[in-house]
Amino acid sequence: MPKEVKYNDYPWDSVLEQAKQVISEGGLVYQKFTCSGCGNRLTVDSPNTFFTLGTCDNCSVTTDIKEKGCNYMVVLHATRTKP
Ligand SMILES: [Zn+2]
């Protein structure tokens, strides 16, 4: 029996605001959202790109991300100029 995992998705506007802040500081963000069809956790391939709609590879259902909310994964640059 598959274990049910509750993912945290946040309102679109606040996620975008936070993501823009991370981007302005030189980080990379990858949008994540939960499929409204099968509950799959999906991550967008393109960095710093946010979609309002997302289609699931698994069940082909299109999720209204702006309505459902989303999250993001942050990748900070490993190399940093030393002072
Ligand atoms: Zn799906």
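Before any of the text, the structure's been laid out above.
Residues numbered from 1 in each chain as written. Predicted model: local features only at pLDDT ≥ 70, side-chain atom pairs only at ≥ 80, totals over all residues.

**Student:** Provide a residue-level description of the overall build of the protein chain, including the pertinent values.
**Tutor:** Across its full length, the protein chain carries two helices and five strands. Secondary structure of the protein chain in N-to-C order comes out as α-β-β-β-β-α-β. Expressed as a percentage of its 83 residues, the buried residues of the protein chain come to 16%. Taking the intrachain contacts of the protein chain between residues at least 6 apart in sequence as the baseline, contacts between residues at least 24 apart amount to 54%. (Helix = DSSP H or I, 4+ residues; strand = E, 2+ residues; numbered from the N terminus. Buried ≥ 20, exposed ≤ 12 C-beta atoms within 10 Å, placed from the backbone. Contact = placed C-beta atoms within 7 Å.)

**Student:** Give me the lowdown on the nonpolar core, citing residues and values where you can.
**Tutor:** Counting residues in hydrophobic clusters, the biggest one holds eight residues: Val-15, Ala-19, Val-29, Phe-33, Phe-50, Ile-65, Cys-70 and Tyr-72. The set of elements that each furnish at least two residues to this core consists of α1 (12-24) and β1 (28-34). Ignoring sequence-local partners within four residues, the contact set of Val-15 consists of Tyr-10, Cys-70, Asn-71 and Tyr-72. (Core = buried A, V, L, I, M, F, W, Y, C linked by C-beta atoms within 7 Å.)

**Student:** Could you give me a rundown of the environment of Asp-57, with the residues and numbers involved?
**Tutor:** Tracing the backbone shows Asp-57 in the loop between β3 (53-55) and β4 (62-64). Sequence spacing of Asp-57 and Cys-35 is 22 residues, and the spatial spacing of their C-alpha atoms is 9.6 Å.

**Student:** Give me α1: which residues, what numbers.
**Tutor:** Across its 13 residues, α1 extends 18 Å between first and last C-alpha, which sits within 8% of the 18 Å expected from 1.5 Å per residue. Where α1 terminates, the next one or two residues include Gly-26, which has phi positive at roughly 95°. (Expected span 1.5 Å × (residues − 1).)

**Student:** Would you mind going over the sheet that holds β1 in detail, with residue names and values included?
**Tutor:** Within the open sheet, the three strands sit side by side as β2-β1-β5. Their pairing is antiparallel. At either end of the open sheet lies a strand with only one pairing partner, and these are β2 (41-43) and β5 (71-75). Direction aside, the axes of adjacent strands within the sheet are offset by 30° on average. Relative to β5, β1 runs antiparallel, the two sharing five bridges. Residue Tyr-30 lies in a different strand from β5, and its bridge partner there is Met-73. On top of the sheet, α1 reaches β1 and β5; it is set at about 10° to β5, its chief contact. (Pairing = 2+ DSSP bridges. Axes fitted to C-alpha atoms, helices over the stretch in contact; angles between N-to-C directions.)

Any functional reading would require information beyond the geometric quantities listed.
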